[in-house]
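Here is what each chain is made of, one letter per residue.
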Amino acid sequence: MATKGTVKGIISNLVIVGVDEPISQNEICYITTNETRLMAEVIKIIGKEVYVQVFESTRGLKVGAEVEFAGHMLEVVLGPGLLSRNLDGLQNDLDKMEGVFLKRGQYTYPLDEETLWEFVPLAKEGDTVTAGDWLGQVDENFQPHKIMVPFKMTGSYTLKSIAPAGRYTVNETIAVVTDEENAELPITMVQRWPVKKSVMAYREKPRPFKLLETGVRVIDTANPIVEGGTGFIPGAFGTGKTVLQHAISKQAEADIVVMAACGERANEVVEIFTEFPHLVDPHTGRKLMERTIIIANTSNMPVAAREASVYTAMTISEYYRSMGLKVLLMADSTSRWAQALREQSNRLEELPGPDAFPMDLSAIISNFYGRAGYVILNNNQTGSITFIGTVSPAGGNLKEPVTENTKKVARCFYALEQERADKKRYPAVNPIDSYSKYLEYPEFEKYISKLISEDWIDHVNEIKTRMQRGKEISEQINILGDDGVPLDYHITFWKSELIDFVLLQQDAFDDVDSVTPIERQKNIMDNIIHLCRMEFKFANFTEVMDYFKKIINLMKQMNYAVFQSEEYHGYEKQLNMLVNERKSA
Amino acid sequence: MATKAFQKIYTQITQITKATCSLKAREVGYDELATVNGRLAQVVKIIGENITLQVFSGTEGIPTNAEVVFLGKAPTLKVGDQLAGRFFNALGKPIDGGPVPEGKEVEIGGPSVNPVRRKQPSELIATGIAGIDLNNTLVSGQKIPFFADPDQPYNVVMANVALRAKTDKIILGGMGLANDDYLYFKNVFSNAGALDRIVSFVNTAENPPVERLLIPDMALTAAEYFAVEKNEKVLVLLTDMSSYADALSIVSNRMDQIPSKDSMPGSLYSDLAKIYEKAVQFPSGGSITIIAVTTLSGGDITHAVPDNTGYITEGQLYLRRDSDVGKVIIDPFRSLSRLKQLVIGKKTREDHPQVMNAAVRLYADAANAKTKQENGFDLTHYDERALAFAKDYSRHILAIDVNIDTTEMLDKTWNLLSTHFRPEEVNIKHTLIEKYWKEDE
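Residues numbered from 1 in each chain as written. Chains lettered and ligands numbered in written order. Predicted model: local features only at pLDDT ≥ 70, side-chain atom pairs only at ≥ 80, totals over all residues. Heavy atoms only, no water.

J.: Hey, could you run me through the sheet that holds strand β13 (residues 156-162) of chain A in this one?
T.: Backbone hydrogen bonds are what pair the strands of a sheet, in a parallel or an antiparallel way. Residue and element names in this part refer to chain A. Strands sit in the order β10-β13-β15-β16 across an open sheet of 4 strands; the sheet is antiparallel. One side of each edge strand has no neighbouring strand; the edge strands of this open sheet are β10 (128-130) and β16 (184-187). Neighbour-to-neighbour, the strand axes of the sheet open up by a mean angle of 45°, direction not taken into account. Bridging between β10 and β13 involves 3 bridges; their strand directions are antiparallel. Across the sheet, Thr 128 pairs through a bridge with Thr 158, a residue of β13. (Pairing = 2+ DSSP bridges. Helix = DSSP H or I, 4+ residues; strand = E, 2+ residues; numbered from the N terminus. Axes fitted to C-alpha atoms, helices over the stretch in contact; angles between N-to-C directions.)

Put into structure tokens, the structure is as follows:
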């Protein structure tokens, strides 16, 4: 018998419910109004009054309405068939909903219960198994989807029987295990997990070190992210957050991409729905949508479900990581999530922290980023969740609570800069303020030396130093004038412009330039280092500018040309001629 | 609003503040409308039997024994073809002396469109203004505001855009609109003979500020009718959203909510998003495009209202007076249309994206040169050419009085590029240079 209560008060989406029986914090309940059931979550309990936040509009709700408690926290359904789906923040399948407009109280199951999956057993009878162990696998969009011992099953079990290879629906029993008391427990392909808890079904979480290629040069070369790494992209509006984020999600070398559109524009989600089914994954040649799951809680959808959406996305990512896959999770934007927390805390009349955000914002953000990572599973296979969140700082000011608290936990920082965006220097990632802490990891250095070349890290550091120097000189020129600084300064400045235009800037809308594989990035880097270390002879600073503009122009044409094509070599030849003209001795 | 026989009348108000009054009542729904001595009010808080009502026109003169009647519904609008050509106030009552229109009664502020039922916007809206069409192309289903100081001619540009855009309906939502501006819109639309495709919901500066909160929902409910039921292309003009936000802050203040940045409510982002996200392209052909105005104070875009708006809308347009040419221009640096990528080079000529970027980049070089000049440094030959280009570009392309088609804009820009620069200075793909570069004759 489910616990019941009645509505006592309503303030926007915060509802006060009177209950006589025990209730848990964060328990889910359903409020019945006009024959629709509105889902809500308990967020505060005072005596016999329970405060719940409703995931829908409370319009028309009256005092006295009946409330039924579900006895569990907010959970997601995990099983084969999640890939390619468009889900809302509470994991409802948006495609299954009727009508053009979202109807209140409409909840749809995220899996297909009729689909037959081609099951292959991996474990055998008599095996000792624990939560997260692989029992078998099915083929989901050409990826091996492991059927695991449910994460909720603590302790160890003995596999009593397992279904033979064949076609099964998600709800059919594919294995039976027995616990220490010999009680039999059936296992299907579906399991549930509360979203706010981390899935811990792995052996250890070592430091990540493998480069996760994104094809974006300012990331891969200058500020690399790794499999299982964390990063964040703060940027005022109009600095290209969305374009950069979409570029990463399209091009990253991940097995699964989970995109949480958290309180952002609906049209951006539509862009993904529309384009991903046609775009090709540059690594596998398959359609991008086949590896993608979209969690859409756009800005006009209920605020309370916005908070849930990032957790839903993270839990689904953890599920796929436990299968030994490389998952990339993108959340756009974590600021909207923080704002949802702020609205909730405000209605609860809690004492506010900085900028009226809740006091525990810092802890919430760091717990969430902590769920990402590279793991070694119980069977020694590895899996990873690389998490990149965007932050929308109020007023473009990076000294605000969400940015500051995220900076404490994320290892990569991609600062989008208004000034660069205004100058159309895209991606507008500030070359000096941005960083990747992975560059300092000895594990990463070892890995990247082997993957690319021994002197790679030195080259990256050289480029960063040159950019820094270039900026200093440009400031001096602004104060002293072109004639006020030595000619050498102009050469150094233009070398940094060369790095900026050729390596760091990238045209996300050009078919060729938008994706640069790491071998090609090495080629660009080699060319640039070669030019930067070269000595040139000039008579005056206008000569320097004119000359470097020609070089930049040629190298940009090379970037636009297909790698090693005839066109590419044509520009390369012109470049060499131009370089030899000016080479001093 | 006539009182019906079976409705219970309450006459004991327990508490009155500037905007709200409270009383004891039963069986009241959240968001439900009521009248307090004939003034419209809405339920904003229910604790047991204690009901708090927000009185739209303020509580001045309301006695503790005022008659309160609950209407059993949220705010509604009667939608139908009869709306066309009419002027209404924030409560949906005619202010043009005409009859109350007949139609289907729908609740305003209705549900959101399921994102999977949207279509990706792909239809260009041509305005003839090159600062918009060339650099910040608009697309139907887009939402975009003008960020402007109160002294800038945003209403004029908006009226021009509305009349030149090929749309079936234009819906004007005026919030805190100066009476003169209201009459300006009325005149411009009727002089253009467009009155029959325009619906207006107007709250002028003299009307109670809290009533403004209903304007966007009224306008968008009417827009949804024409876009969904009639598959029409609807353009919604909202001016000025800063007045709307001010009304939000008044209400939240009176409800004792903790203010966040710039004394705006913590829910400002969600409140604004609910409005702007009504912009949509339906697969059936109907669409809602929103062009809004957010007035700034002293050009400050870090204020909570423009800041939150910028994160919600698909770009923003800035006006600026260019003293070098003496004209108001669409500022190419801060202005942005996020949806332009969906149409430029696709619905327009292939060279559009690169020409657009090159010209803006060179305009930025001119801005740097100007700083140098102002600081008393010598200019290089390149700087001088950039400055000359900037003047021409500002006068012939960016000025708001330009009215030409996109191909002409592109040709003109190529002309300017080749007059002032050499091909290797413009950073455009070689294949395009070969095809479009205008050699000196």
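J.: I keep staring at the environment of Arg212(B) and nothing clicks. Help me out?
T.: Residue and element names in this part refer to chain B. Among the structural elements, Arg 212 can be located in the loop between β15 (198-204) and α4 (215-229). Along the chain, Arg 212 and Ala 245 lie 33 residues apart, while their C-alpha atoms are 9.4 Å from each other. In this structure Arg 212 touches Met 175, Gly 176, Asn 203, Ser 243, Tyr 244 and Ala 247, once residues within four positions along its chain are discounted. (Contact = heavy atoms within 4.5 Å.)

J.: Which parts of the structure should I look at to understand the packing of helix α2 (residues 154-164) of chain B against helix α3 (residues 179-191) of chain B?
T.: Any two packed helices are characterised by the angle at which their axes cross and by the distance between the axes. Residues and elements named next belong to chain B. Look at α2 against α3: their axes get within 11 Å of each other, and the N-to-C directions meet at 25°. In terms of orientation, α2 and α3 fall into the roughly parallel class. Note on packing geometry: the crossing formed by α2 with α3 is right-handed. Of α3, the residues touching α2 (which contributes Asn 155, Val 156, Met 158, Ala 159, Ala 162 and Leu 163) are Asp 181, Tyr 184, Phe 185, Val 188 and Phe 189. Considering only residue class, the contact of α2 with α3 consists of 9 nonpolar, 1 polar and 1 charged. (Parallel < 35°, antiparallel > 145°, perpendicular 65-115°, else oblique. Left-handed = near helix turned anticlockwise from the far one by under 90°. Nonpolar A, V, L, I, M, F, W, Y, C, P; charged D, E, K, R; others polar.)

J.: Can you help me understand the domain arrangement of chain B in this one?
T.: How large an interface is tends to be reported as the accessible area lost when its parts come together. Taken as a whole, chain B is organised into domain 1 (9-70), domain 2 (76-107 + 140-313) and domain 3 (352-436). Summarising the inter-unit geometry, the C-alpha centres of domain 2 of chain B and domain 3 of chain B are found 36 Å apart. (Domains from an automatic or database assignment.)

J.: Could you clarify how one ought to interpret the interface of chain B and chain A in this entry?
T.: Facing the 77 residues of chain B at the interface are 82 residues of chain A. At the boundary of chain B with chain A, total buried surface from both sides reaches about 6,600 Å², with 53% on carbon and sulfur atoms. Ranking the residues of chain B by area buried against chain A places Tyr30(B), Tyr269(B) and Tyr311(B) at the top, with a combined share of 12%. On inspection of chain B and its partner chain A, the count reaches 6 salt bridges. With a shortest N-O distance of 3.3 Å, Arg59(A) and Asp31(B) are connected by a salt bridge. Contributing elements (two or more residues each) for the side of chain B that touches chain A: β5 (39-47), β13 (143-148), α4, α6 (268-276), α7 (304-312) and α8 (352-374) of chain B. At 6 residues, the largest contribution of residues to the side of chain B that touches chain A is made by α7(B). (Buried area = accessible area lost by both parts, 1.4 Å probe. Salt bridge = Lys/Arg side-chain N within 4 Å of Asp/Glu carboxyl O.)

J.: What is the right way to read the packing of aromatic side chains from this model?
T.: Any pair of aromatic rings gets described here by the distance separating the centres and the angle formed by the planes. Tallied over the entire structure, the rule returns 40 aromatic pairs over all chains. Relative to Tyr311(B), the ring of Phe237(A) has its centre 5.5 Å away and its plane inclined at 80°; by these criteria the two rings are edge-to-face. In this pair, Phe237(A) sits in the loop between β18 (230-234) and α2 (241-251) while Tyr311(B) sits in helix α7, so the two residues belong to two different chains. Relative to Phe70(B), the ring of Tyr10(B) has its centre 5.6 Å away and its plane inclined at 85°; by these criteria the two rings are edge-to-face. In this pair, Tyr10(B) is assigned in strand β1 (residues 9-10) and Phe70(B) in strand β7 (residues 68-70), connecting sequence segments 60 residues apart. Assessed through its relative accessible area of 13%, Tyr10(B) is described here as buried. A cation sits over an aromatic face here: Lys146(A) above Trp134(A), 4.5 Å from the ring centre. The positively charged end of Lys169(B) is found above the aromatic ring belonging to Phe226(B), 4.8 Å away from the centroid. (Phe/Tyr/Trp six-rings, centres within 6.5 Å; stacked < 30°, edge-to-face > 60°. Buried < 20%, exposed > 50% of the residue type's maximum accessible area, 1.4 Å probe, protein only. Lys NZ or Arg CZ within 6 Å of the ring centre and 35° of its normal.)

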